[in-house]
Amino acid sequence: MKKHLFLFLISSIIFSPAFPEDFYKDVRQDWLKKSELYKPTLVKKEKKPISVVNVVPDKEAFQG
C-alpha cells in the first residue's frame, strides 16, 4: 500500500503541469523605459602614453 501511495505521489509531482505565473509582466516595460532614461552617457577620452617603459626582470622577486 505504501509503495502504491509513494508511486502515486511521485508520478503526480513529475507529470503535473506547471504554469509559473509572471508577476512582473505588467511592469516590465515600465522598468525598461526607466532604465533607458537613467542610463549614463559613455564618455570616451583618448589617452596618450607619457613615456616608454622598459621591462626588466627583478632577481629578488618571489617568482624571479
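Note that the coordinates shown come from a computational prediction; the quantities given were computed from them, not determined experimentally.

On a plain count of helices and strands, the protein comes out with two helices and zero strands. Radius of gyration (C-alpha) of the protein: 31 Å, far over the 11 Å computed for a compact globule of 64 residues. Projecting the C-alpha coordinates of the protein onto the three principal axes gives extents of approximately 80 × 45 × 15 Å. Counting all 64 residues of the protein, 0% fall into the buried class.

Let us now look at the pattern of salt bridges. For side chains of opposite charge, pairing can occur when their charged atoms come near one another. Under the criterion given, the structure shown has one salt bridge. The shortest N-O distance in the salt bridge between E36 and K39 comes to 3.3 Å.

Before going further, it helps to examine a nonpolar patch on the surface. On the surface, F6, L7, I10, I13, I14 and F15 cluster together into a nonpolar patch covering about 680 Å² of accessible area. Along the chain, I14 turns up in helix α1 (residues 2–15).

For an α-helix, the turn length of 3.6 residues means that residues three or four places apart are oriented alike. The end-to-end C-alpha distance of α1, which contains 14 residues, comes to 20 Å, matching closely the 20 Å that a straight helix rising 1.5 Å per residue would cover. Burial within α1 is sparse, with just zero of its 14 residues counted as buried.

Under the defined criterion, the tally for this structure stands at one aromatic pair. Seen from their ring centres, Y24 and W31 are 5.4 Å apart, and the 40° between their planes marks the pair as tilted.

For K47, the position within the fold is in the segment after α2 (28–37). The exposed category is assigned to K47, whose relative accessible area is 76%. On a C-alpha basis, the gap between K47 and Q63 in space is 32 Å, while along the polypeptide they are 16 residues apart.

Definitions and cut-offs
- Residues numbered from 1 in each chain as written.
- Predicted model: local features only at pLDDT ≥ 70, side-chain atom pairs only at ≥ 80, totals over all residues.
- Heavy atoms only, no water.
- Helix = DSSP H or I, 4+ residues; strand = E, 2+ residues; numbered from the N terminus.
- Rg over C-alpha atoms; globule rule 2.2 N^0.38 Å.
- Buried < 20%, exposed > 50% of the residue type's maximum accessible area, 1.4 Å probe, protein only.
- Salt bridge = Lys/Arg side-chain N within 4 Å of Asp/Glu carboxyl O.
- Patch = residues over 30% accessible without salt bridge, like charges linked within 9 Å, V, L, I, M, F, W, Y side chains within 5 Å.
- Areas by Shrake-Rupley, 256 points an atom, 1.4 Å probe, with all protein chains shown as cover.
- Expected span 1.5 Å × (residues − 1).
- Phe/Tyr/Trp six-rings, centres within 6.5 Å; stacked < 30°, edge-to-face > 60°.

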